[in-house]
Amino acid sequence: MHCYECSKAGTNSEAVGLCHHCSAALCVDHACIVADPVTTTYPLNRTVVLPKSARMLLCGTCLQALRQIHTETITPETSEKCCVS
């Protein structure tokens with residue numbers, strides 16, 4: 001499978017994963033790894049964020065779209081330059 005973003009630019013790169021939100025195939029240069037907070041619910045519907053976060057792979061387009069809503073929780077673990085579409 002080839003990277004969708006590279007294909008749009010006219011090159012072919014091997015994909016390393018799929019965007020969690022739109023399922024586009026992404027290469028290492030276009031994949032944005034973000035921390036995905038894990039929560040649990042305690043009695044009386046109290047939601048608590050657990051200390052360890054999961055990992056989520058996003059394309060730059062979905063990262064920017066999700067940042068509109070979750071500005072404080074979407075933090076890239078990879079470089080910012082790969083996360084801009």
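Not measured: the values here are computed from a predicted model. (Residues numbered from 1 in each chain as written. Predicted model: local features only at pLDDT ≥ 70, side-chain atom pairs only at ≥ 80, totals over all residues. Heavy atoms only, no water.)

1. Quick word on the overall build of the protein
Our working definition: To qualify as a helix, a DSSP run of H or I must reach at least 4 residues; to qualify as a strand, a run of E must reach at least 2; elements of each kind are numbered from the N terminus. Only protein chains enter the accessibility calculation, which uses a 1.4 Å probe; a residue is then buried when its area is under 20% of its type maximum, exposed when over 50%, and partly exposed in between. Here the accessible surface of atoms and residues is derived via Shrake-Rupley with a 1.4 Å probe, and residues count as covered only by protein chains that are part of the display.
Scanning the protein from terminus to terminus reveals two helices and six strands. When the helices and strands of the protein are placed in sequence order, the string is α-β-β-β-β-β-β-α. Taking all 85 residues of the protein together, the buried fraction comes to 31%. In the structure as shown, the protein presents an accessible area of about 5800 Å², 55% of it carried by carbon and sulfur atoms.

2. Observations concerning the environment of L26
Structurally, L26 can be placed in strand β2 (residues 25-26). L26 gets classed as buried once you look at its relative accessible area, which sits at 0%. Each C-alpha atom of the pair L26 and S13 lies 8.5 Å from the other, and the pair is 13 residues apart in sequence.

3. Considerations on unusual backbone geometry
The general pattern is negative phi for most residues beyond glycine and trans for most peptide bonds. Look at L44: it is not a glycine, yet its phi comes out positive at around 70 degrees. Note on placement: L44 falls in the loop between β4 (39-42) and β5 (46-49). Backbone geometry at N45 places phi at a positive 55 degrees, although glycine is not the residue there. With a relative accessible area of 68%, N45 lands in the exposed category.

4. Points about the pattern of salt bridges
Note the threshold: Should a side-chain nitrogen of Lys or Arg be within 4 Å of a carboxyl oxygen of Asp or Glu, the pair is scored as a salt bridge.
As enumerated under the stated definition, the model contains one salt bridge in all. We note a salt bridge from K8 to E5, for which the minimum N-O separation is 3.6 Å. One end of the pair is K8 and the other is E5, both in helix α1 (residues 4-9) and three residues apart, which spans about a single turn. According to the relative accessible area criterion, E5 is buried, its value standing at 14%.

5. Describing the nonpolar core
For the record, the criterion: The term nonpolar core refers to a set of buried residues drawn from Ala, Val, Leu, Ile, Met, Phe, Trp, Tyr and Cys, joined through side-chain atoms within 4.5 Å. By the convention used here, residues are in contact when the closest approach between their heavy atoms is within 4.5 Å.
Core analysis: the biggest nonpolar cluster contains 13 residues, and C19, L26 and L58 have the highest contact counts within it. For L58, the residues in contact, after removing those within four places along its chain, are C19, H20, H21, L26, H30, A31, C32, V34, L63 and L66.

6. Structural notes on the pairing of β4
For clarity, the threshold we go by: Between any two strands, pairing holds if DSSP finds at least two bridges.
As paired strands, β4 and β5 are joined by four bridges and run antiparallel to one another. Note on β5: the bridge partner recorded for T39 is V49. Linking β4 back to β5 in an antiparallel pair, the connection comprises three residues, with L44 at a positive phi of about 70 degrees.

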